[in-house]
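Read off the chains here:
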Amino acid sequence: MIKIICVCGARPNFMKIAPLMKAFNQSDKFQILLVHTGQHYDAKMSHLFFEELNIPKPDINLEVGSSSHAVQTAEIMKRFEPVVLDFNPDYVLVVGDVNSTIACGLVAVKLGIKLIHVEAGLRSFDKAMPEEINRVLTDCISDLLFVTEQSGIDNLKKEGVAEDKIHFVGNVMIDTLLGNREKAEKSDILVKMDLKPKNYAVITLHRPSNVDDIGNLEKIISAFEVIEKDIKLIFPIHPRTKKNIEKTDLKARVEAMKNLVLLEPVGYLDFLKLTANAAFVMTDSGGIQEETTILQVPCMTLRENTERPVTITDGTNRLVHIETEDILKNYNELKKSGFTVAGRVPKFWDGKAAMRIAEIIVDKYLLAG
Ligand code: UD1
Ligand code: UDP
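Residues numbered from 1 in each chain as written. Chains lettered and ligands numbered in written order. Predicted model: local features only at pLDDT ≥ 70, side-chain atom pairs only at ≥ 80, totals over all residues. Heavy atoms only, no water.

A. Summary view of the packing of helix α1 (residues 11–26) against helix α7 (residues 172–185). Where α1 meets α7, the axes come as close as 8 Å, and the angle between the chain directions of the two elements is 80 degrees. Taken together, α1 and α7 sit at an angle that is classed as roughly perpendicular. Here α1 contributes Pro12, Met15, Lys16, Ala18, Pro19 and Leu20 to the contact with α7, which in turn contributes Val172, Met173, Asp175 and Thr176. In terms of residue class, the contact of α1 with α7 is built from 7 nonpolar, 1 polar and 2 charged. (Axes fitted to C-alpha atoms, helices over the stretch in contact; angles between N-to-C directions. Helix = DSSP H or I, 4+ residues; strand = E, 2+ residues; numbered from the N terminus. Parallel < 35°, antiparallel > 145°, perpendicular 65-115°, else oblique. Contact = heavy atoms within 4.5 Å. Nonpolar A, V, L, I, M, F, W, Y, C, P; charged D, E, K, R; others polar.)

B. Local environment of the nonpolar core. Membership of the largest hydrophobic core comes to 61 residues, with the highest contact counts inside it found for Ile4, Ile17, Leu20, Phe24, Leu93 and Ile361. Tallying contributions element by element places α1 first for this core, with 8 residues. When residues no more than four places from it in sequence are discounted, the contact partners of Ile361 are Ile2, Ile4, Phe24, Phe30, Tyr91, Leu93, Ile116, Leu144 and Phe146. (Core = buried A, V, L, I, M, F, W, Y, C linked by side-chain atoms within 4.5 Å. Buried < 20%, exposed > 50% of the residue type's maximum accessible area, 1.4 Å probe, protein only.)

C. Inspection of the environment of Glu51 at higher detail. Within the element layout of this structure, Glu51 appears in helix α2 (residues 47–52). Through-space distance from the C-alpha of Glu51 to that of Ile203 is 24 Å; in sequence the pair is 152 residues apart.

D. Here's a closer look at the site of ligand 1. Around ligand 1, the structure places 17 residues, and the nearest of them are His40, Asn99, Glu131, Arg240 and Lys243. For ligand 1, an oxygen atom lies 3.1 Å from a polar atom in the side chain of His238. Protein contacts shield 90% of the accessible area of ligand 1, which totals 740 Å² for the unbound molecule. Given that more than half its atoms are within 2 Å of the pocket grid, ligand 1 belongs to the largest pocket. Looking at the shell around ligand 1 element by element, the count peaks at 3 residues for helix α11 (residues 239–246). Residues of the shell around ligand 1, tallied by class, amount to 5 nonpolar, 7 polar and 5 charged. (Near = heavy atom within 4 Å. Polar contact = N/O pair within 3.5 Å; in protein donor to acceptor, adjacent residues only side chain to side chain. Areas by Shrake-Rupley, 256 points an atom, 1.4 Å probe, with all protein chains shown as cover. 1 Å grid on protein atoms, 1.4 Å probe; cavity = no way out; pocket = protein on both sides within 12 Å on 5 of 7 lines; lining within 4 Å. Sits in = over half its atoms within 2 Å of the grid points.)

E. Expanded view of the pattern of salt bridges. What the rule picks out here adds up to 27 salt bridges. Here Lys78 and Glu75 are joined by a salt bridge, their closest N and O atoms 4.0 Å apart. Taken together, the residues Lys78 and Glu75, both in helix α3 (residues 69–87) and 3 residues apart, mark about one turn of the helix. For Glu75, a relative accessible area of 21% puts it in the partly exposed group. Among the ionic pairs, Asp314 bridges to Arg344, the shortest N-O distance being 3.5 Å. Linking Asp314 in the loop between α15 (310–313) and β13 (317–319) with Arg344 in the loop between α16 (324–336) and α17 (353–368), this pair joins segments that are 30 residues apart in sequence. Asp314 sits in the buried class, given a relative accessible area of 17%. On the accessibility criterion, Arg344 (54% relative accessible area) is exposed. (Salt bridge = Lys/Arg side-chain N within 4 Å of Asp/Glu carboxyl O.)

Shape descriptors only; they carry no functional weight alone.
Right, dumping it as C-alpha cells:
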C-alpha cells in the first residue's frame with residue numbers, strides 16, 4: 001500500500017482534493033489519511049463542500065483558524081508534524097497555493113517525506129501576492145509536480161526543476177466541475193432568487209490587494225455602482241471582504257445599490273449554477289478564471305496579472321486594471337459583444353486529471369522500489 005497524507009485547508013482546496021480522494025479510494029493501492037488544517041472553518045467556507053462533493057470526513061482537523069501569515073503557517077506546521085510522524089507516509093500531497101500548502105509541504109520535506117504538489121508551476125510573477133510565495137517555495141521542495149497548463153511546465157523548467165519530476169496532467173478543479181455539472185443543473189438558486197439566465201452577473205472578490213487596500217476597493221465599488229444600473233449583480237461575499245466593507249463607509253454605498261445582491265458564500269452547486277448561467281463574471285479568484293473558461297462565460301479578472309495565462313490565450317478570461325474607468329471600459333466592450341466570447345478547452349481539462357495523477361504516483365512508487 002502507498003501511504004499518503006492528503007492535505008486541505010481553504011475553500012479552493014476542497015474542489016481540488018475531492019477528485020483525488022475519489023481516485024485514490026477507487027484503487028486498492030493506497031492508504032490515505034485526509035488532514036484538514038482548519039484554515040477555513042465557517043460552515044459555508046468548509047463543511048458544506050465536504051457534503052456536496054462527497055469528500056470523506058477528514059481523519060484529522062488541526063483547527064488552526066485565522067491569524068497573521070506567520071502565526072497561521074507556524075501553527076499549521078506545529079500541529080501537522082506529529083501527525084506525519086505518527087502516520088509515517090510515503091508521500092504528503094498538497095494542492096494549490098494557500099498557507100496550508102506551504103506549511104504542510106515544509107513539514108514533510110524536513111522529515112524526509114516526499115512531497116507531491118498538485119497545481120504546480122503557476123506563476124503570477126508578483127511577489128506582493130502571498131500565494132506567489134507559497135507557489136514558488138512549495139514547487140522548489142516538491143518531488144512530484146503535477147501541472148495544469150503548459151505555462152506551468154515552462155516556468156518550472158526555467159527554475160531548474162528536473163524534467164522527470166514534472167507531469168502535465170490537466171486540472172483537478174475541472175474534474176470537479178465536469179463531475180458536478182448535472183447535479184448543479186438541479187440547483188434551484190435561480191428560481192429562488194428570481195433570476196433568468198444571462199440577466200445578471202456574478203461577482204467574487206477576496207484578494208488582499210483588492211479588498212484590504214480600501215482605495216482599490218473603492219475604485220471597484222465605484223464601477224459596480226455604474227454597472228448595476230444596467231444589470232443585476234450577484235455578490236456572494238468572502239468573509240475577508242465583508243469585514244473590510246463593514247468597517248468603512250463603503251458599507252452604506254454597497255447597501256444603497258438596489259441591483260447588487262449580497263449573499264453569504266454559497267455552496268459549490270449553487271455557485272456553479274449561478275456562474276454557468278451568468279451573462280459574465282467579475283472576480284479576482286484563481287479557480288473561477290478556470291471554471292468560467294470551461295463554462296464559456298466571459299470573465300473579467302480584476303487583477304494586474306494572472307498565474308493562469310491559458311484562461312486568456314485559450315479561454316474566456318481578460319485582465320482588467322484596478323481603475324474604475326478600465327472596469328467600465330471592459331464591461332462596455334463585453335456588453336457590445338452581447339456577452340459572448342469564443343474560447344476553447346485547454347489541453348487535458350477533460351475530467352481525468354485525478355486518475356492520471358493516481359496512475360503516475362503508482363508508477364513512481366513502483367519504480368523507486
Ligand atoms: C485564503 C488564501 C487564498 C485563497 C483564499 C480562498 C492564503 C495566504 N490565502 O485567503 O490564497 O484564494 O483563501 O478563499 O492562504 N475568515 C472567516 N471564516 C473562515 C475563514 C476566514 O471569517 O472560515 C476570515 C477571517 O477574518 C480571516 C480572513 O477571513 O482572517 C482571511 O482568511 P485567510 O484564510 O487568512 O485568507 P483568505 O483571504 O481566506
Ligand atoms: N466558490 C463557491 N462559492 C462561492 C464562491 C466560490 O463554491 O461563494 C467556489 C468556486 O466555484 C471555485 C472556488 O470556490 O471552485 C474558488 O475558491 P476561491 O475563489 O475562494 O479561491 P481561489 O481560487 O482564488 O484560490
